[in-house]
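# An overview of the molecular structure
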Amino acid sequence: MAIATINPATGETLKTFEPLNDAEIAAKLDLALQAFEEYRQTSFSKRSHALQKAADILEQEKAEFAKVMTLEMGKPFKAAIAEVEKCAAVCRYYAENAPSFLADVAVKTDASHSFVRYQPLGAILAVMPWNFPFWQVFRFAAPALMAGNVGLLKHASNVPQCALAIEDIIQRAGFPKGTFQTLLIGAAKVADLMADERVKAATLTGSEPAGASLAAAAGKQIKKTVLELGGSDPFIVLASADLETAVVTATTARMLNNGQSCIAAKRFIVAEAIADKFEKLLLEKFEALKIGDPMQLDTDLGPLATPGILQDLNQQVQAAIDSGGKVLTGGHPLSDRSGNFYPPTIIKDIPHDSSIAKEEFFGPVALLFRVPNIDAAIKLANDTPFGLGASAWTTNEQERDRLVEEIEAGAVFINGMVKSDPRLPFGGTKRSGYGRELSIQGIHEFVNVKTVWVK
Ligand code: NAP
């Protein structure tokens, strides 16, 4: 895949970039190594100060950064602004909390003095996706830098200007040269990086094949990885739910980021007793959405990020129809305009046990299922290889407890939409990956947990 900015709303190639050659990559790895030796000695207060400054820059220049995101991957501009603000918030969160998360922890043993100390590992490679091109990177970078690690970013090939802007922000914030570098390289170079002894660990957010390939390369070298992969999150609505709120939230949860979010609600599992009403209201909401230029503030749904994503999504929709699914709205790419536009789509009556029902649909397509009771809802919710998040709606306490206990996912949100929050751990089970980002758990992923015992 060429490294280039191609406007998804028009298909126009705006800028192309030459990937780094092997000598340039080696020079950046050397710089990372040198930077780490000094940076690991810096105090928390210095690191916090720089991270607060990064937050200031993000807030002050949010419109420019948001514009770059929208131009490169097509998310609505207002969502891009919110994303930059969230990046500032995660910087502030770790600037304030990392010192306590990483403080020595005393443990009483047979020693006169024993404790746990958290120490940085070195250069951590972050292989990142285009869908939240700033947020995904900052939620890695903020804890990694506070822990004293240095970062190497291999961003998705369609968001090079975002990747360069992030490197620039971190440098301008006052982090020493080399503590965070963007590597403009293709995916084929990642395995070599994992084999290089200057790279100590890696995190990847993206698809299952990319995660499996990175983990295999890391496994050969006994290096730690964190994987944040795909999801086919259920959105369960039981009979006692507040239906109006559930439908509004269902629409937002499916359409977030033009439908291209790992934690978007993808399978809507609705109790038979309220299914007709839910279907009617959801259809109204989907048909009322405004599709168009993502730079316009009143646009709800912009284009998909690449023509390949549009093609894959459309093939999945056709497979769902072939399996018996009925399209209530949408179902074909919008052919009246250039760009990668796909309309809000609802498909019902897909057989529960069909293979297509278990797949991740990465775009504005809702799969609607009916179930007789909570047992069937939980069974269907879990009947997927993924386990990222789940949103479930009920006002019944016993049902709530069962949903929390029995759903196989990294997160369960009751009467709300699945979202990431710096204060809460984020990550999946099953084929959605392993490890956690954010909160105290996130900052502990890339440290040496050293046991100290003194007599
Ligand atoms: P992708 O193709 O896997 O790309 C993600 C990143 O991995 C890019 O930087 C890509 O580089 C790189 N990559 C691709 N193949 C690779 C390989 N074999 N080895 C090493 N690196 C490789 O993902 P996508 O399809 O663009 O993104 C959508 C997926 O990401 C969805 O499944 C979504 O659910 C998931 N996602 C998960 C989370 C989460 O937190 N769990 C968050 C967001 C997205 P190139 O661009 O150069 O190919």
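Whatever comes next refers back to the structure up there.
All residue numbers refer to position in the chain's written sequence, counted from 1. The predicted origin of the model limits local features to residues at a pLDDT of at least 70 and limits the giving and counting of side-chain atom pairs to 80 or more, whereas totals for whole chains, interfaces and linings rest on all residues. Side-chain figures throughout are based on the complete set of non-hydrogen atoms in the structure, without hydrogens or water.

## Structural notes on the overall build of the chain
Put simply, the rule reads: The helix and strand labels rest on DSSP assignments: H or I over at least four residues marks a helix, E over at least two residues marks a strand, and numbering proceeds from the N terminus. Burial here depends on accessible area, computed with a 1.4 Å probe over protein chains only, as a share of the maximum for the residue type. Under 20% is buried, over 50% is exposed, and the range in between is partly exposed. Method for areas: the Shrake-Rupley scheme with a 1.4 Å probe, in which residue coverage is limited to the protein chains shown. In this tally, Asp and Glu contribute negative charge and Lys and Arg positive charge; neither His nor the terminal groups of the chain are included. Note on charges: their place is set at NZ of Lys, CZ of Arg, CG of Asp or CD of Glu.
Assigned secondary structure in the chain consists of 14 helices and 20 strands. With the principal axes as the frame, the chain shows a C-alpha extent of 65 × 60 × 40 Å. Out of the 455 residues in the chain, the part that is buried amounts to 56%. Of the accessible surface of the chain, which amounts to about 18600 Å², a share of 54% is contributed by carbon and sulfur atoms. In the chain, 46 side chains carry a positive charge and 53 a negative one; their mean positions are 4 Å apart.

## Some details on the sheet that holds strand β3 (residues 105-106)
Stated precisely, the cut-off is as follows: In this analysis, strands are considered paired if DSSP registers two or more bridges between them.
Taken together, the 3 strands give an open sheet; going across it, the order is β3-β4-β20, and neighbouring strands pair in antiparallel fashion. Strands at the two margins of the open sheet, each flanked by one partner only, are β3 and β20 (447-454).

## Looking at the sheet that holds strand β9 (residues 224-228)
If you walk across this open sheet you meet the 6 strands as β7-β6-β5-β8-β9-β19, and the pairing is mixed. Looking at strand neighbours, the two that pair on one side only are β7 (180-182) and β19 (433-434), the edges of this open sheet. Where strand β8 (residues 199-205) meets β9, 5 bridges bridge the pair, whose relative direction is parallel. Paired with Ala201 across the strands is Lys224, a residue of β9.

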